[in-house]
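Structural characterization, general
One letter stands for each residue in the lines below.
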Amino acid sequence: MTVLVGLDVGTTGVKALTVSAEGDVLTQVEEAYPLSTPQPGWAEQDPEDWWRAAESALEGLGVADLAGVGLTGQMHGLVVLDERERVLRPAILWNDQRTGAECAEIEERLGLGRLVELTGNRAMPGFTAPKLLWLRRHEPEVYERIAHVLLPKDYVRLRLTGEHAIDATDASGTLLFDVAARHWSDDVLAALEIRREWLPSVVESSVVAGHTPDGIPVAAGAGDQAAGALGVGVDRPGPLSVVLGTSGVVFAALEAFAADPEGRLHSFCHAVPGAWHAMGVMLSAAGSLRWLRDAVAPGKSFEILTGEAEPWPPGAEGLVFLPYLAGERTPHADPNARGAFVGLSLRHDRGALARAVLEGVAFGLRDSLELLKELGVDPQVGRVSGGGARSDLWLRIVASVLGVPLERAVVDEGAAYGAALLGGVAAGVFADVHEAVAACVRVRGRIDPEPAWADRYASGYERFRALYPALRPLEGE
């Protein structure tokens, strides 16, 4: 049997799985590691923890005869090495918020319009470039010793294969990459005074970028969202990837590079050579439901909470929830945005609160979809994944709010599954990414929008959109 491996270097741990050439998951291993928060708003990890976990996970798969390996992982994280490839400090992660001043500096140096034109994105604290500027300002003794800059999965590649490389999707999230031209941006590097020789070579996701000590080809891989999109069959324009995880994502493959002029969407290279994607990201999707459960129904299952939501009609009798519990990315790019329930009455109970949360998250996803439509995206169907996709009620609500039918993938193993498909292309098992997706990705079931809910959700979405600007002046410190 041909066996492929997908390795996902996530925020809470490494996930490794083996996949057959027909797309069946054979074995799976997860290894956890800690997250360090040395100061409020900071998030760091020891890159050696990633490597130890990856080694253990690969060994735990228990498969000796592998055809190919694909890598994926958390994006944007900054790993800095010295000339002997030693880690200089803990990695600064995607969810670290310390670089607000550096983001403002980047947009001032380049101008927002020019920055978006070159990189497809505005400067945000999670991206890699602001972290480098922060190091230069606050840890100059570390900055002066930098010889190599890598992202999380690519540090694991270095330890696994000895190669310095990055794929175009992950490079897109650094804010140092010309996304349209698919190479490092000399203009951005010059403006920020960052040395190009620090950066690894860039290749397409399905290209071989190293071999294991046993000679197994390792694909360049992809950032977690692009790999996850492949895993649910979004390899070309048409279907959307809709992720209902802790955060929420609406992801669309594009016909050609395009970027929102205000930088409200992320525009990156896709894991398909010569292709691009755009996505909107909301920070609290299923995380909002978890917060509600912990606050008003501790110890209860999510199924109980969504069961209590089901009897309430669409719109929950005027109750609206803003899901900005951790600030927001799309469409507001406002770290100070805060959540709210608006329209509470004596009739509203725990089920009404749950219904409003499910709907508020769906409205947040629609914000992303509306911006994608402005880039020419014409969605025919959504492929939904993440923990929230287990709720039929939530999928009926999301389908109705988006006006798009939703399908679940038979295999919902996230980015690791898409990485395994890239490993198969690198190994020659599949001719290209499209063949890999066609051979392996299958869908089950279809959730159509509820026609009877359309008018209620159309008016509810307009109320939802009006609340953020109305409440913004009241944001606390």
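A short tour of the structure in this document, coming up. Remember, it's a predicted structure, so these values are computed and weren't measured experimentally. Note that residues are indexed from 1 along each chain, following the sequence as it is written. Whole-chain, interface and lining totals are the exception, using all residues; otherwise, since this is a predicted model, local features are given only for residues with pLDDT of at least 70 and side-chain atom pairs are given and counted only at 80 or more. As a convention, hydrogens and water are excluded, and side-chain values are obtained from all of the structure's heavy atoms.

1. Observations concerning the overall build of the protein chain
Helix numbers and strand numbers start at the N terminus; a helix is a DSSP run of H or I with at least 4 residues, a strand a run of E with at least 2. Of regular secondary structure, the protein chain possesses 16 helices and 24 strands. The C-alpha atoms of the protein chain give a radius of gyration of 22 Å, which matches the 23 Å a tight globule of 477 residues would have. Projecting the C-alpha coordinates of the protein chain onto the three principal axes gives extents of approximately 65 × 55 × 45 Å. Only protein chains enter the accessibility calculation, which uses a 1.4 Å probe; a residue whose area is less than 20% of its type maximum is buried, one above 50% is exposed, and one in between is partly exposed. Within the protein chain, the fraction of its 477 residues that count as buried is 60%. Surface exposure of the protein chain reaches about 17,900 Å², of which carbon and sulfur atoms provide 49%. As used throughout, the charge tally considers Lys and Arg to be positive and Asp and Glu to be negative, leaving His and the chain termini uncounted. By convention, the charge on Lys lies at NZ, on Arg at CZ, on Asp at CG and on Glu at CD. Across the protein chain, the centroid of the 42 positively charged side chains sits 4 Å from that of the 65 negatively charged ones. We compute the radius of gyration from the C-alpha atoms alone; for a globule the expected value is 2.2 Å times N to the 0.38, where N is the number of residues. Values of accessible area rely on a 1.4 Å probe in the Shrake-Rupley scheme; residue burial ignores everything except the protein chains shown.

2. Some words on helix α12 (residues 350–374)
In a helix, the anticipated span is given by 1.5 Å times the number of residues less one. Across its 25 residues, α12 extends 37 Å between first and last C-alpha, which sits within 8% of the 36 Å expected from 1.5 Å per residue. Across the 25 residues that make up α12, a large majority, 21, are buried. What qualifies as a polar contact is a pair of N or O atoms within 3.5 Å, subject to a donor-acceptor requirement within protein and to the restriction that residues adjacent in sequence count only when both atoms come from side chains. Structurally, the start of α12 carries an N-cap: the backbone nitrogen of Gly351 is 3.1 Å from a side-chain oxygen of Asp349. Phi turns positive, to about 100°, at Gly376, one or two residues after α12.

3. Overview of the side chain of Ser205
Tracing the sequence through the fold places Ser205 in the loop between β12 (201–203) and β13 (208–211). A relative accessible area of 0% means that Ser205 is categorised as buried. Contacts of Ser205, omitting those with residues within four sequence positions, involve Asp167, Thr169, Ala219, Ala220, Gly221, Ala222, His270, Ala271 and Leu422. Between two residues, a contact is recorded if the distance between any of their heavy atoms is within 4.5 Å.

4. A few points about the sheet that holds strand β16 (residues 239–244)
DSSP-based pairing: two strands are paired if at least 2 bridges between them are found. Here seven strands make up an open sheet; going across it, the order is β18-β19-β17-β16-β22-β23-β24 and the pairing mixed. Two strands close off the open sheet at either side, each with one partner strand: β18 (266–269) and β24 (443–447). Pairwise comparison of adjacent strand axes, ignoring direction, gives a mean angle of 25° for this sheet. Pairing of strand β23 (residues 406–409) with β24, which is carried by three bridges, proceeds in the antiparallel orientation. From the neighbouring strand, Leu406 faces β24, where its bridge partner is Ile447. Working convention: axes come from line fits to C-alpha atoms, limited for helices to the stretch in contact. Angles between N-to-C directions cover 0 to 180 degrees. Across the face of the sheet, helix α9 (residues 224–231) comes into contact with β16, β17 (248–254) and β19 (276–282) while running at roughly 75° to β17.

5. Brief notes about the packing of α12 against helix α13 (residues 392–402)
Running from amino to carboxyl end, α12 crosses α13 at an angle of 40°, the nearest separation of the two axes being 9 Å. Considered as vectors, α12 and α13 are oriented oblique to each other. Between α12 and α13 lies a crossing whose hand is right-handed. Seen from α12, the contacting residues are Arg355, Leu358, Glu359, Val361, Ala362, Phe363, Leu365, Arg366 and Leu369; seen from α13, they are Leu393, Trp394, Ile397, Val398, Val401 and Leu402. Taken together, the residues that form the contact of α12 with α13 break down as twelve nonpolar, no polar and three charged. With respect to orientation, any angle under 35 degrees is reported as roughly parallel, any angle over 145 as roughly antiparallel, any angle of 65 to 115 as roughly perpendicular, and every other angle as oblique. Should the near helix be turned anticlockwise from the far one by less than a right angle, the crossing is left-handed, and should it be turned clockwise, the crossing is right-handed. Any residue that is not Ala, Val, Leu, Ile, Met, Phe, Trp, Tyr, Cys, Pro, Asp, Glu, Lys or Arg is counted as polar, Gly included; the first ten are nonpolar and the last four charged.

6. With respect to the pattern of salt bridges
By convention in these notes, a salt bridge is any Lys or Arg side-chain nitrogen within 4 Å of a carboxyl oxygen on Asp or Glu. Per the counting criterion, the structure on display carries 39 salt bridges. Between Glu374 and Arg264 there is a salt bridge, and its shortest N-O distance comes to 3.7 Å. Of this pair, Glu374 sits in helix α12 while Arg264 is found in the loop between β17 and β18, placing the two residues 110 residues apart along the sequence. Given the relative accessible area of 23%, Arg264 is considered partly exposed. A salt bridge links Asp294 to Arg293, with the nearest nitrogen and oxygen atoms 2.8 Å apart. Take Arg293: its relative accessible area is 17%, and that puts it in the buried class. Several salt bridges share partner residues, and in doing so they unite Glu44, Arg89, Asp96, Arg98 and Glu139 into one network.

7. Overview of the side chain of Asp154
Tracing the sequence through the fold places Asp154 in helix α6 (residues 152–161). Among the polar contacts listed, one links the side chain of Asp154 to the side chain of Lys153, at a separation of 3.0 Å. There is a polar contact of 2.6 Å between the side chain of Asp154 and the side chain of Arg157. In this view, Asp154 contacts Ala165, Ile166 and Asp170; residues no more than four positions away in its chain are not counted.

8. Regarding helix α1 (residues 47–60)
Taking 1.5 Å per residue as the helical rise, α1 with its 14 residues ought to reach 20 Å, and the 20 Å between its terminal C-alpha atoms agrees with that figure. Looking one or two residues beyond α1, the residue adopting positive phi is Gly62, at roughly 70°.

9. Notes on the environment of Gly173
Among the structural elements, Gly173 can be located in the loop between α7 (168–172) and β10 (177–178). Sequence separation between Gly173 and Asn121 is 52 residues, and the spatial gap between their C-alpha atoms is 8.5 Å. With residues near it in sequence (within four places) discarded, Gly173 still touches Met75, His76, Phe127, Thr128 and Phe268.

10. Some remarks on the nonpolar core
Only buried Ala, Val, Leu, Ile, Met, Phe, Trp, Tyr and Cys residues count toward a nonpolar core, and they belong to the same one when joined by side-chain atoms within 4.5 Å. Judged by nonpolar contacts, the single largest core of 110 residues is most densely connected at Leu132 and Leu176. Here this core takes 13 residues from α12, the largest share from any one element. Those residues in contact with Leu176 that lie beyond four places of it in its chain are Ala129, Leu132, Trp184, Ser185, Val188, Leu189, Leu192, Ile194 and Leu199. Formed by 29 residues, the second largest nonpolar core is a distinct cluster that contains Ala57, Leu81, Leu93 and Val218.

11. What about the pairing of strand β22 (residues 381–385)?
The side chains of a regular strand alternate, residue by residue, between the two faces of the sheet. Along β22, five of the five residues are buried, which leaves the element largely enclosed by surrounding structure. On β22, burial covers both faces: Val381, Arg383 and Ser385 on one face and Gly382 and Val384 on the other are all buried. Here β16 runs beside β22; their pairing, made up of five bridges, is parallel. What sits directly across from Pro239, in β22, is Val381. Here β22 runs beside β23; their pairing, made up of three bridges, is parallel. Paired with Val384 across the two strands is Arg408, which belongs to β23.

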